[in-house]
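Single-letter residue listing:
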Amino acid sequence: MGTGHYFWAIFYFTSLCSASLANNAKINFREKEKKVLDQILGAGKYDARIRPSGINGTANLPTLVQVNMFLRSISKIDDYKMEYSVQLTFREQWTDERLKFDDIQGRLKYLTLTEANRVWMPDLFFSNEKEGHFHNIIMPNVYIRIFPNGSVLYSIRISLTLACPMNLKLYPLDRQICSLRMASYGWTTNDLVFLWKEGDPVQVVKNLHLPRFTLEKFLTDYCNSKTNTGEYSCLKVDLLFKREFSYYLIQIYIPCCMLVIVSWVSFWLDQGAVPARVSLGVTTLLTMATQTSGINASLPPVSYTKAIDVWTGVCLTFVFGALLEFALVNYASRSGLNKANMHKENMKKKRRDLEQASLDAASDLLDTDSNATFAMASQYSRGAGLQKPLVRHPGDPLALEKLRQCEVHMQPPKRPSCCKTWLSKFPTRQCSRSKRIDVISRITFPLVFALFNLVYWSTYLFREEEDEVPLGFV
């Protein structure tokens, strides 16, 4: 061959290579995806009503569906309705042998669909759902990926409001377990089985913030159920929420303590300040009752006693007891004054009787002594024959004794001192009872309230730690 033939052969080979490379560079893989989708999902080639075969294409085994989810947010936990709202990205993955395709030497990693009705879908539903909706802004937040080996990945973003039965015995020192349950609606375990994806089946966003709770832990488990129509596969996620106590400490416990302490101020007021003590007691009692009704308005009417009920009930009892204490003090004060007045009148009457008796005895003694002296003098005059009257000598012992007795009986009562007169205006013996009640209340009420706090916090904090928690949380 000549030099020209070699040249043309090389030129032809170079042209073919460059054309092949140009064709490969111009291949539209999106068009290839369309052709593959039409090939595997074309009319008469795929029926979405038929479930996929089991492992390795075995028709008698159930289809295995692996589930995992990503918790994006938990917006609220409602104590009154006993429900909580969550937004999550939910994923399911299974294998459908009918959807295998050629990946063009690894150039087609997967096919993407946005219409879930084009392929078979598991009939999963959320058994404790109250409300739910999909997200369609800006486009429907759903996609389906079909891999070359026939594996199907279904992902969707949904918002759910789920029921969460709560035990409020320890409220607000409680922990609540809220579940998210997923089950098959029509396929039994002979046809469909749900499994948690190995590794990390549940992910939670890092900056998850809740208004009054903290998500402590979560546990994945199985909850298959048996009915008259068969056994159905079920998955569940238990979320353990701990209630934040600082909010209730500031809004409930501290104000209640302040109201109880304010009611004790009446113990230090004067007993005669009736309007002040009554106004203080009634005001604190009404405020405490309003506080209690406001707390109960935000909670469901349960049949058992909650920890907050014990607290508000005891605080209300202390405030009411302070009001009753003033009533008792007022009654004791009035009864004491009445007794004091009666005692004073009796003492005055006895004093007058003693003074009158003393005067009567002195006058009788003077009359008797004068008559006896006159008779003795007459007899002495007649017997001695003397005409002189009988004269009483200063040294006569009998006369001195009689005179002394007369002076004692005629001595006027001693006048009380100014101090005793001022103290007599305050019958302390009778008034000490009402004052003693106030003094005892100043000490007893705070001590009893402090003892109640010790018992209350010890009991409920220990019960919080010993509360029943599933074994998976321990």
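Since this is a predicted model, take the numbers as computed values, not measurements.

Examining the overall build of the protein chain
Helix and strand counts for the protein chain come out as eight helices and 14 strands. By residue count, 34% of the 474 residues in the protein chain fall in the buried class. Summed over all atoms, the accessible surface of the protein chain reaches about 30100 Å², with 60% contributed by carbon and sulfur.

A few points about the confidence of the model for the protein chain
Confidence along the protein chain averages 79 in pLDDT terms, with 71% of residues attaining 70 or more. Under a pLDDT of 50 for its full length, residues 383–395 has, in the predicted model, seven contacts with residues more than four places off or in other chains. Ignoring residues within four places in sequence, the model shows residues 468–472, a span with pLDDT below 50, making two contacts including any to other chains.

Considering the side chain of Arg175
Following the sequence through the fold, Arg175 ends up in strand β8 (residues 175–184). The buried category is assigned to Arg175, whose relative accessible area is 19%.

So, the state of the cysteines
Counted according to the given criterion, the structure contains two disulfides. The disulfide partner of Cys164 is Cys178, and the S-S distance across this bridge is 2.0 Å. Every disulfide takes its handedness from the sign of the S-S torsion; for Cys164 and Cys178 that torsion is -80°, giving left-handed. Of this pair, Cys164 sits in the loop between β7 (151–163) and β8 while Cys178 sits in strand β8, and the two are 14 residues apart along the sequence. The side chain of Cys223 participates in a disulfide bridge whose partner is Cys234; the two sulfur atoms lie 2.0 Å from each other. In this structure the cystine formed by Cys223 and Cys234 twists about its S-S bond by roughly -55°; its chirality is therefore left-handed. With Cys223 in the loop between β11 (213–222) and β12 (225–227) and Cys234 in strand β14 (residues 234–243), this pair connects stretches of sequence that are 11 residues apart. The connectivity of the disulfides in the protein chain is 1-2, 3-4, where the numbers refer to bonded cysteines in sequence order. There is no disulfide at Cys256, and the cysteine sulfur nearest it, in Cys315, is 4.9 Å away. Taking the relative accessible area as the measure of exposure, Cys256 reaches 0% and is therefore buried.

As for the pairing of β7
With 11 of 13 residues buried, β7 lies mostly within the body of the structure. As judged from the 13 bridges shared by strand β2 (residues 83–95) and β7, these two strands associate in the antiparallel manner. Residue Thr95 lies in a different strand from β7, and its bridge partner there is Ser151. Sheet topology places strand β6 (residues 142–146) next to β7; five bridges connect them, and they run antiparallel. Bridge pairing in β7 places Tyr143 opposite Ser155. The antiparallel pairing of β6 with β7 creates a hairpin that spans four residues between the two strands, and Gly150 there sits at a positive phi of about 90°.

Thoughts on the pattern of salt bridges
Across all of its chains, the model carries 14 salt bridges by this definition. Across the pair Arg277 and Glu325 runs a salt bridge whose closest N-O atoms are separated by 3.3 Å. With Arg277 in helix α4 (residues 274–297) and Glu325 in helix α5 (residues 307–384), the pair connects residues that are 48 residues apart, well separated along the chain. Summarising the burial analysis for this pair, Arg277 and Glu325 share the class buried. For Asp438, the salt bridge is made with Arg277, and the minimal N-O distance between the two is 3.2 Å. In this pair, Asp438 sits in helix α8 (residues 428–465) while Arg277 sits in helix α4, placing the two residues 161 residues apart along the sequence.

Concerning the packing of helix α3 (residues 245–263) against α4
Packed helices, taken two at a time, are described by the angle between their axes plus the distance between the axes. One way to put it is that α3 packs onto α4 with a least axis distance of 9 Å and a crossing angle of 165°. Comparing the axis directions of α3 and α4 gives the class roughly antiparallel. Considering the relative orientation of α3 and α4, their crossing is left-handed. Each of Gln251, Ile252, Pro255, Cys256, Leu259, Val262 and Ser263 in α3 lies in contact with α4, whose residues at this interface are Leu280, Thr284, Thr287, Met288, Gln291 and Ile295. Across the contact of α3 with α4, the residue classes break down as eight nonpolar, five polar and no charged.

Regarding the nonpolar core
Ranked by internal contacts, the top residues of the largest apolar core, which has 79 residues, are Tyr84, Phe90, Leu180 and Met182. For this core, the element with the most residues is α5, which contributes eight residues. When neighbours within four sequence positions are excluded, Leu180 is seen to be in contact with Met69, Tyr84, Val86, Leu88, Phe126, Asn128, Leu162, Leu235, Lys236 and Val237.

Concerning the sheet that holds β11
Taken together, four strands build an open sheet; the order of strands is β4-β8-β14-β11 and the sheet is antiparallel. For this open sheet the edge positions go to β4 (124–126) and β11, each flanked by a neighbour on one side alone. Averaged over all neighbouring strand pairs, the angle between strand axes comes to 20°, with direction disregarded.

Reading the values: the criteria
Residues numbered from 1 in each chain as written. Predicted model: local features only at pLDDT ≥ 70, side-chain atom pairs only at ≥ 80, totals over all residues. Heavy atoms only, no water. Helix = DSSP H or I, 4+ residues; strand = E, 2+ residues; numbered from the N terminus. Buried < 20%, exposed > 50% of the residue type's maximum accessible area, 1.4 Å probe, protein only. Areas by Shrake-Rupley, 256 points an atom, 1.4 Å probe, with all protein chains shown as cover. pLDDT = per-residue confidence, 0-100. Contact = heavy atoms within 4.5 Å. Disulfide = S-S within 2.5 Å. Pairing = 2+ DSSP bridges. Salt bridge = Lys/Arg side-chain N within 4 Å of Asp/Glu carboxyl O. Axes fitted to C-alpha atoms, helices over the stretch in contact; angles between N-to-C directions. Parallel < 35°, antiparallel > 145°, perpendicular 65-115°, else oblique. Left-handed = near helix turned anticlockwise from the far one by under 90°. Nonpolar A, V, L, I, M, F, W, Y, C, P; charged D, E, K, R; others polar. Core = buried A, V, L, I, M, F, W, Y, C linked by side-chain atoms within 4.5 Å.

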